[in-house]
Amino acid sequence: MEQALKRWFTTRRAAKHIDKSEATLKTWRSRGIGPPFYKPMGGLVYYKVEDLDAWIEQNGPQFTSAKR
């Protein structure tokens, strides 16, 4: 069971994983864009690590500044 829980991230951890803010993920969810998420009964939002990694591979790094 513990192994299965490691495959899911909260919004905070997912944001860190893809180097975005929690607010960005929330905005993306409301617009229907960004990585897939799951919101089981209870209201908390979770992201599968595999989905986040696939999303990163598909979208590549998204830098907002040429200084990176």
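Anything mentioned here points back to the structure above.
Please read these numbers as outputs of a predicted model, since none were measured by experiment.

Analysis parameters
- Residues numbered from 1 in each chain as written.
- Predicted model: local features only at pLDDT ≥ 70, side-chain atom pairs only at ≥ 80, totals over all residues.
- Heavy atoms only, no water.
- Helix = DSSP H or I, 4+ residues; strand = E, 2+ residues; numbered from the N terminus.
- Phe/Tyr/Trp six-rings, centres within 6.5 Å; stacked < 30°, edge-to-face > 60°.
- Buried < 20%, exposed > 50% of the residue type's maximum accessible area, 1.4 Å probe, protein only.
- Core = buried A, V, L, I, M, F, W, Y, C linked by side-chain atoms within 4.5 Å.
- Contact = heavy atoms within 4.5 Å.

## A few points about the environment of R29
Here comes step 1: Summarising the element assignment, R29 is placed in helix α3 (residues 22–31).
Here comes step 2: For the pair formed by R29 and V45, sequence separation is 16 residues and the distance between their alpha carbons is 9.9 Å.

## Some thoughts on the packing of aromatic side chains
Here comes step 1: For the structure on display, the rule yields three aromatic pairs.
Here comes step 2: Centroid distance W8 to Y38: 5.0 Å. Interplanar angle 80 degrees. Geometry classified as edge-to-face. Of this pair, W8 sits in strand β1 (residues 8–10) while Y38 sits in the loop between α3 and β2 (46–48), placing them 30 residues apart in sequence.
Here comes step 3: By relative accessible area, W8 is classed as partly exposed at 33%.

## Digging into the nonpolar core
Here comes step 1: Counting residues in hydrophobic clusters, the biggest one holds 11 residues: F9, A14, A15, I18, L25, W28, V45, Y47, V49, L52 and W55.
Here comes step 2: Residue assignment for this core shows that the elements contributing at least two residues are α2 (11–17), α3 and α4 (49–59).
Here comes step 3: For this core, the leading source of residues is α4, giving three residues.
Here comes step 4: Residues in contact with V49, not counting those within four places in the same chain, are K6, R7, W8, F9 and H17.

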